[in-house]
Amino acid sequence: MAKGKIGVTSQDLFPIIKKFLYSNHDIFLREIIANAVDATQKLNTLASTGQYKGEIGDTTIEVKLDKEAKTLTISDKGIGMTKDEIKKYINQIAFSGAEEFLDKYKDKANAIIGHFGLGFYSSFMVSDQVEIQTLSYQEGAEPAHWTCDGTPEYTLKKGTKTERGTDIIMHISEDEKEFLEEPRIKELLNKYCKFLPIPIAFGKKKDWKDGKEIETDEVLIVNDTNPTWTKAPADLKQEDYDAFYHQLYPFAENPMFHIHLNVDYPFNLTGILYFPKIKNNMEIQKNKIQLYSNQVFVTDSVEDIVPEFLTLLHGVIDSPDIPLNVSRSYLQSDSNVRKISNHITKKVADSLHDLFKNDRASFEEKWNDLRIFVQYGMLTDEKFAERAKPFFLLENIEGKYFTLEEYENLVKENQTDKDNNVIFLYSQDKDAQYSYIQVAKDKGYDVLLMDGQLDTHFINFLEQKDSNKRYTRVDADVVNKLIVKDETTESSLTEQERTDLAPIFSAPLQSEKINYMVNFEALGENAQPVLITQAEFMRRMKDMSAMGG
Ligand code: ADP
């Protein structure tokens, strides 16, 4: 039996591994299972190139718990390892890999939580001892048995395995005994391994008999090896996309529509993004997109990879080209990440534009749920704003939808003022502003409905983009002054009468801390003797500060 010491500068590696990512010990399972998947895929490759001529057989990876022995075992039927390979891959390469990794990141554990980690040595985060029983696929190979108890010393001797593949046997330590509980392991498999490309078995299928749940003899496969995003869009129907959405978010309402991403040059990217229904005034659930790398779950916080407004979308992105072992600031400056992010932004804008062009009725139907997303995107991402301009819709009081261009054409004749500005009139509350809307309509003006959460910001944004358009709320002034064309209308009251009357009407408004105006002008058909207005500028200042700027 060989005894040895791993590496040279290793004295403090194991204690660090144990503490590493304290809040996220559970990634060890992903690391060990990802290795098992790799070993299996390597075997498949060797078989397809003729380098391995043996029978492949069933390559299901097994996850087994033994509560009495306090072990958690991952068994694969992949390429296995010879003694020499263990020395090379486990004692040297894996070890130095882990060492290098810790060296780089031990102070920044939080920045990379959830991203790829330590590899094989992460098993020591939860184990007192780890054993490897393995048999290489190579002809005449001898089984090997490696053990290591969390110090740099290891043993390597002849093993007992009779079938090709590798068992990683983790002796779970006392303070990590949650990993000996079936529900906990199920939960982790569901989080990290749900879409791995090789079947993973854990426990037995359950069934119902005489009103009781019983265990069958059939093994339970916990993953979907062929997830929807890896399939060709031409082979998929709407039901398949909806079903996949519910696989990701079991209790969610159906999404509005989806985008299937599929790029292989100049970077590799697949995935499906869904537009959830985003209602006004509803708590917006950000960060539901899951990031995978070759079907291995990496993280569900993608805010460093896609522009912020896209974190409102749901779904899956899979790219082996996103660097995983890196900090946030690095990610944001990585050119691949930037390309991927730009691509996604463009795809999202293009899909919306296509829907708008191909099926305007359906686009309008979805608009109330889409609007806040598109506005958020336009406000925060200039490129997206450019792309979204042709399909951004305004809704008027009658519930008709117009693009910015269409609307300008509709109103410009009647609503251009003496300085050649086109004035867009709007209401934020159809009911409260009812009489003002009526008066404006009697005057032949059209009134927009701008009652969305982001509308105040958005109006400012539109005015900045286009300096000869103004947005004015219908109650900003008396109707004749909303759009000043040339003449001004005079009140029928005398100067003295106005001075006497004004305080009577304005007194009750003092507490509101906003400048209301009391007007006595004639008001067209629906003439009222007195009209209370709020100057657009003053009101908007107040709105903006209430929204936090
Ligand atoms: P990585 O997977 O990133 O290379 P690891 O530390 O996880 O790093 O593993 C180091 C090496 O050990 C792998 O590259 C592989 O050669 C070998 N190895 C680990 N697990 C297995 C396994 N289940 N079957 C065969 N080889 C394995």
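As the structure is a computational prediction, the values presented were derived from the model and not from experiment.

Let's talk about the site of the ligand
Item 1. In the vicinity of the ligand there are 17 residues, among which Asn35, Ala39, Ala94, Gly119 and Phe120 approach most closely.
Item 2. Sorting the residues of the shell around the ligand by element identifies helix 2 (27–48) and helix 3 (83–105) as the ones contributing at least two each.
Item 3. Among the elements that take part in the shell around the ligand, helix 3 stands out by supplying five residues, more than any other.
Item 4. Taken together, the residues that form the shell around the ligand break down as nine nonpolar, six polar and two charged.

As for the UniProt feature "binding site: ATP" (unreviewed entry) in the protein
Item 1. This chain's UniProt record puts "binding site: ATP" (unreviewed entry) on Glu31, Asn35, Asp76, Met81, Ser96, Gly97, Thr166 and Arg328.
Item 2. Note that Thr166 resides in strand 7 (residues 165–172).
Item 3. What Thr166 contacts, discounting residues up to four positions off in sequence, is Ala39, Asp76, Gly78, Gly80, Met81, Ile132 and Thr134.

Side note on the sheet that holds strand 13 (residues 296–299)
Strand pairs in the sheet, formed through backbone hydrogen bonds, run parallel or antiparallel to each other.
Item 1. The five strands are arranged 10-11-14-12-13 in an open sheet whose pairing can be described as mixed. Whereas interior strands pair on both sides, the edge strands pair on one side only; in this sheet they are strand 10 (257–263) and strand 13. Averaged over all pairs of adjacent strands, the angle between strand axes in this sheet comes to 20 degrees, irrespective of strand direction.

A closer look at the nonpolar core
Item 1. The biggest cluster of nonpolar side chains holds 113 residues, and the ones touching the most others in it are Ile33 and Ile200.
Item 2. If you tally residues by element for this core, the top one is helix 2, at 10 residues.
Item 3. Those residues in contact with Ile200 that sit more than four places away from it in its chain are Ile33, Ile61, Val63, Leu189, Cys193, Ile221, Val222 and Asn223.

A short note on the sheet that holds strand 17 (residues 422–427)
Item 1. Read from one edge of the open sheet, three strands run 18-17-19, paired in parallel fashion. Either end of the sheet is taken by a strand with one partner, and the two such strands are strand 18 (447–449) and strand 19 (469–473). The mean angle between the axes of side-by-side strands here comes to 40 degrees, regardless of whether they run parallel or antiparallel.
Item 2. When strand 17 meets strand 18, the two strands line up parallel, connected through three bridges. Bridging from a neighbouring strand, Ser427 pairs with Leu449 of strand 18.

Things to note about unusual backbone geometry
Item 1. The omega angle of the peptide bond from Tyr265 to Pro266 is 0 degrees, so this bond is cis rather than trans.
Item 2. Within the element layout of this structure, Pro266 appears in the loop between strand 10 and strand 11 (269–275).
Item 3. Phi is positive for Asn294, close to 50 degrees, though the residue is something other than glycine.
Item 4. The residue Asn294 is located in the loop between strand 12 (288–293) and strand 13 in this model.
Item 5. In this model, Gln295 sits at a positive phi of 70 degrees, which is unusual for a non-glycine residue.
Item 6. Note that Gln295 resides in the loop between strand 12 and strand 13.

Side note on the packing of helix 9 (residues 360–380) against helix 13 (residues 455–465)
Item 1. The interhelical angle for the contact between helix 9 and helix 13, taken along N-to-C directions, is 45 degrees, at an axis separation of 10 Å. One finds that helix 9 runs oblique with respect to helix 13. Judged by the sense of rotation from one axis to the other, the crossing of helix 9 with helix 13 is left-handed. In this structure, helix 9 uses Gln375, Met378 and Leu379 to contact helix 13, whose residues at the interface are His457, Phe458 and Phe461.
Item 2. Counted by class, the contact of helix 9 with helix 13 contains four nonpolar, two polar and no charged residues.

About the criteria used
- Residues numbered from 1 in each chain as written.
- Predicted model: local features only at pLDDT ≥ 70, side-chain atom pairs only at ≥ 80, totals over all residues.
- Near = placed C-beta within 6 Å.
- Helix = DSSP H or I, 4+ residues; strand = E, 2+ residues; numbered from the N terminus.
- Nonpolar A, V, L, I, M, F, W, Y, C, P; charged D, E, K, R; others polar.
- UniProt positions renumbered as here; feature names shortened; annotations may be inferred.
- Contact = placed C-beta atoms within 7 Å.
- Pairing = 2+ DSSP bridges.
- Axes fitted to C-alpha atoms, helices over the stretch in contact; angles between N-to-C directions.
- Core = buried A, V, L, I, M, F, W, Y, C linked by C-beta atoms within 7 Å.
- Buried ≥ 20, exposed ≤ 12 C-beta atoms within 10 Å, placed from the backbone.
- Parallel < 35°, antiparallel > 145°, perpendicular 65-115°, else oblique.
- Left-handed = near helix turned anticlockwise from the far one by under 90°.

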